[in-house]
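Descriptive analysis of the structure
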There are 2 protein chains.
Amino acid sequence: MKLSEGIEQAIHCVTMLAGLDEGQVLSAAALAEYHGVSASYLLKHLQALSGAGILATMPGPKGGYRLALAPKDVSLLDITLAIEGPAPAFRCAEIRQRGPKPLPGRYFQAPCGIASAMHAAERVYRSELAKTSIADIVAGVHAVDDDGAIAGRGTDFIACHARQTGR
Amino acid sequence: MKLSEGIEQAIHCVTMLAGLDEGQVLSAAALAEYHGVSASYLLKHLQALSGAGILATMPGPKGGYRLALAPKDVSLLDITLAIEGPAPAFRCAEIRQRGPKPLPGRYFQAPCGIASAMHAAERVYRSELAKTSIADIVAGVHAVDDDGAIAGRGTDFIACHARQTGR
DNA sequence: GCTTTGGTACTCGGATATCAACTGTCCGAGTTTTCCCGG
DNA sequence: CCGGGAAAACTCGGACAGTTGATATCCGAGTACCAAAGC
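Worth saying up front: this structure is predicted, and the values here are computed from it rather than measured.

Mapping chain A onto chain B leaves a residual RMSD of 0.0 Å; the transformation is a rotation of 180° accompanied by 0.0 Å of translation along its axis. Overall, the copies show the geometry of a two-fold rotation axis. Among all residues of chain A, the minimum C-alpha distance to the rotation axis is found for Y125(A), at 2.5 Å. By residue overlap, the copies meet face to face through one surface: 100% of the interface positions of chain A are interface positions in chain B.

Here's what the structure looks like:
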């Protein structure tokens with residue numbers, strides 16, 4: 001039950017990309033530098049987000065990443081699923097059907113109660129993640145950012161490293 | 001985001017131990033045989049459950065494991081925490097404080113909004129697991145077990161392999 | 001026949017190899033820019 | 001001076017090692033039982 005650290009990086013990157021103006025992009029190298037993480041490794045997750053349709057890419061010089069959707073339409077669940085994959089954390093191995101003197105399969109048409117309970121908990125977990133969008137995260141940062149220093153650091157960096165593209 | 005397979009084994013074993021009569025115990029070897037899993041590996045998890053106070057052990061010949069609590073007082077969360085450990089799946093690396101031109105620490109007294117949201121989801125997940133007890137699981141099995149075949153297989157095995165102990 | 005005592009066999013407990021997944025890195029395909037040459 | 005073309009450089013994309021945690025296993029410590037010997 002360990003969540004990939006790439007999840008955190010991915011969410012931070014998406015949050016930052018949400019601060020870009022229309023037509024701006026940010027390269028993976030810039031995102032990695034700003035967050036102080038490995039560029040190559042971050043690239044892996046950015047690709048996953050791109051493949052999931054959350055980010056859009058611009059190739060070539062002056063290229064980079066930008067959001068493909070509105071911040072309010074990207075939830076933490078979307079990002080998590082893009083990085084970790086859609087498989088549930090708990091997978092029933094049907095050990096109730098193993099061991100000596102197994103019963104005929106017709107007795108196990110109903111799903112295992114244990115698996116059902118674990119999956120129910122996971123559904124609630126995902127539902128909770130789905131409730132929070134990137135727009136909410138951005139709003140949350142602004143709420144505790146009295147003098148605008150945190151947001152200022154981000155916009156300063158964007159002003160230095162963002163590239164204008166013809167869209 | 002992969003949940004240990006030992007979790008499933010542990011829950012099944014606790015469920016089975018809940019079917020024991022007062023003063024009975026079941027050895028780790030018997031539990032492993034019944035579920036068709038590696039005895040040595042299962043033992044590791046049974047020790048964790050024992051260390052967490054969920055199971056009680058009886059050493060020596062005719063020894064084994066039994067529940068240390070009433071089935072209704074053992075939740076799926078208790079078992080999960082005993083096996084996986086109490087550490088949350090998401091761990092904030094505070095990458096917001098890394099990178100160039102870091103801000104003074106006083107700006108980061110408020111917890112990271114991303115970490116808060118992820119932890120909130122995890123709290124809901126755990127809360128859901130806490131709602132389901134082993135007694136509920138047992139009741140669920142009985143509810144779909146029309147002719148008692150599933151429960152019968154368990155009680156038959158217990159009749160063969162359980163040991164009476166002087167408590 | 002009863003008690004004691006030693007041995008034995010079985011249990012759990014912890015320390016030890018093996019494997020998969022996450023982490024981190026590298027090189028290749030593609031595209032835009034840009035410079036240079038010709039008109 | 002302007003347009004076209006080719007080279008170059010920078011981007012993303014996917015394939016390749018290193019390290020940590022999960023999986024599987026083994027051997028050792030401890031205890032209850034049992035049998036045999038002594039009283």
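Quick look at the packing of aromatic side chains now. Scanning the entire structure with this criterion turns up 3 aromatic pairs over all chains. Judged by centre distance (5.8 Å) and plane angle (70°), the rings of Y125(A) and Y125(B) are edge-to-face. A residue pair is termed interchain when its members come from two chains, as with Y125(A) in helix α5 (residues 113–131) and Y125(B) in helix α5 (residues 113–131). By relative accessible area, Y125(B) is classed as buried at 5%. On the numbers, 4.8 Å between centres and 55° between planes, the contact of Y34(B) with F157(B) is tilted. Of this pair, Y34(B) sits in helix α2 (residues 28–35) while F157(B) sits in helix α7 (residues 149–161), and the two are 123 residues apart along the sequence. The buried category is assigned to Y34(B), whose relative accessible area is 11%. Over the ring of Y34(A) we find R153(A); its NZ or CZ atom is 4.5 Å from the centre of that ring.

In this section: the protein's contact with DNA strand C. In the vicinity of DNA strand C, 20 residues are found, and the nearest of them are S4(A), E5(A), Y41(A), Y65(B) and R163(B). Sugar and phosphate atoms represent 60% of those atoms of DNA strand C found within 4 Å of the protein. In this structure, E5(A) approaches DNA strand C through a main-chain N or O atom, which is 2.9 Å from a phosphate oxygen. At a separation of 3.0 Å, a phosphate oxygen of DNA strand C approaches a polar side-chain atom of S38(A). Within the residue set of the surface near DNA strand C, elements represented by two or more residues are α3 (39–51) of chain A together with α3 (39–51) and β3 (64–67) of chain B. Partitioned by chemical class, the residues of the surface near DNA strand C number 7 nonpolar, 10 polar and 3 charged.

On to the interface of chain A and chain B. Counting residues at the interface gives 54 residues for chain A, matched by 55 residues for chain B. Of the roughly 4,900 Å² buried between chain A and chain B on both sides combined, carbon and sulfur atoms contribute 70%. Linking chain A with chain B are 16 residue pairs in polar contact (both at pLDDT 80 or more). Taken together, the elements giving at least two residues each to the side of chain A that touches chain B come down to α1 (5–17), α2 (28–35), α4 (76–84), α5, α6 (134–144) and α7 (149–161) of chain A. When residues of the side of chain A that touches chain B are assigned to their parent elements, the largest contribution, 11 residues, is made by α5(A).

This part takes up the pattern of salt bridges. All names here are of chain A. Throughout the structure, instances matching the rule amount to 7 salt bridges over all chains. Where E94 meets R96, a salt bridge forms, and the shortest distance between an N and an O atom there is 2.7 Å. Exposure remark for E94: the relative accessible area of 25% places this residue in the partly exposed category. Of the residues examined, R96 reaches a relative accessible area of 17% and is grouped as buried.

For the rest of this paragraph, the subject is the protein's contact with DNA strand D. If you check the shell around DNA strand D, you find 20 residues, and the closest are Y65(A), R163(A), S4(B), S40(B) and Y41(B). Counting only the atoms of DNA strand D within 4 Å of the protein, the fraction contributed by sugar and phosphate is 61%. Separating a sugar or linking oxygen of DNA strand D from a backbone N or O atom of G60(A) is a distance of 3.0 Å. Within the side chain of Y65(A), a nitrogen or oxygen atom sits 2.9 Å from a phosphate oxygen of DNA strand D. Only α3 and β3 (64–67) of chain A together with α3 of chain B provide two or more residues apiece to the surface near DNA strand D.

A separate point is α3(B). Residues and elements named next belong to chain B. Its 13 residues place the ends of α3 18 Å apart at the C-alpha level, agreeing with the 18 Å of an ideal helix rising 1.5 Å per residue. Turning to α3, its buried residues are L42, H45, L46 and L49. Seen end-on, α3 carries its buried residues on one side only, within an arc spanning 105°. Turned more than 90 degrees away from the buried face of α3, the exposed residues are S40, K44 and G51. Along its buried surface, α3 packs onto α1 (5–17), α2, β2 (55–58), β3 and α4 (76–84). The backbone nitrogen of S40 has a side-chain oxygen 3.5 Å away, supplied by the residue at the start of α3, namely S38. A positive backbone phi angle near 80° is found at G53, which sits one or two residues after α3.

What counts, and where the lines are drawn
Residues numbered from 1 in each chain as written. Chains lettered and ligands numbered in written order. Predicted model: local features only at pLDDT ≥ 70, side-chain atom pairs only at ≥ 80, totals over all residues. Heavy atoms only, no water. Least-squares fit on C-alpha atoms with pLDDT ≥ 70 in both. Contact = heavy atoms within 4.5 Å. Phe/Tyr/Trp six-rings, centres within 6.5 Å; stacked < 30°, edge-to-face > 60°. Helix = DSSP H or I, 4+ residues; strand = E, 2+ residues; numbered from the N terminus. Buried < 20%, exposed > 50% of the residue type's maximum accessible area, 1.4 Å probe, protein only. Lys NZ or Arg CZ within 6 Å of the ring centre and 35° of its normal. Near = heavy atom within 4 Å. Polar contact = N/O pair within 3.5 Å; in protein donor to acceptor, adjacent residues only side chain to side chain. Nonpolar A, V, L, I, M, F, W, Y, C, P; charged D, E, K, R; others polar. Buried area = accessible area lost by both parts, 1.4 Å probe. Salt bridge = Lys/Arg side-chain N within 4 Å of Asp/Glu carboxyl O. Expected span 1.5 Å × (residues − 1). Arc of directions from axis to C-beta.

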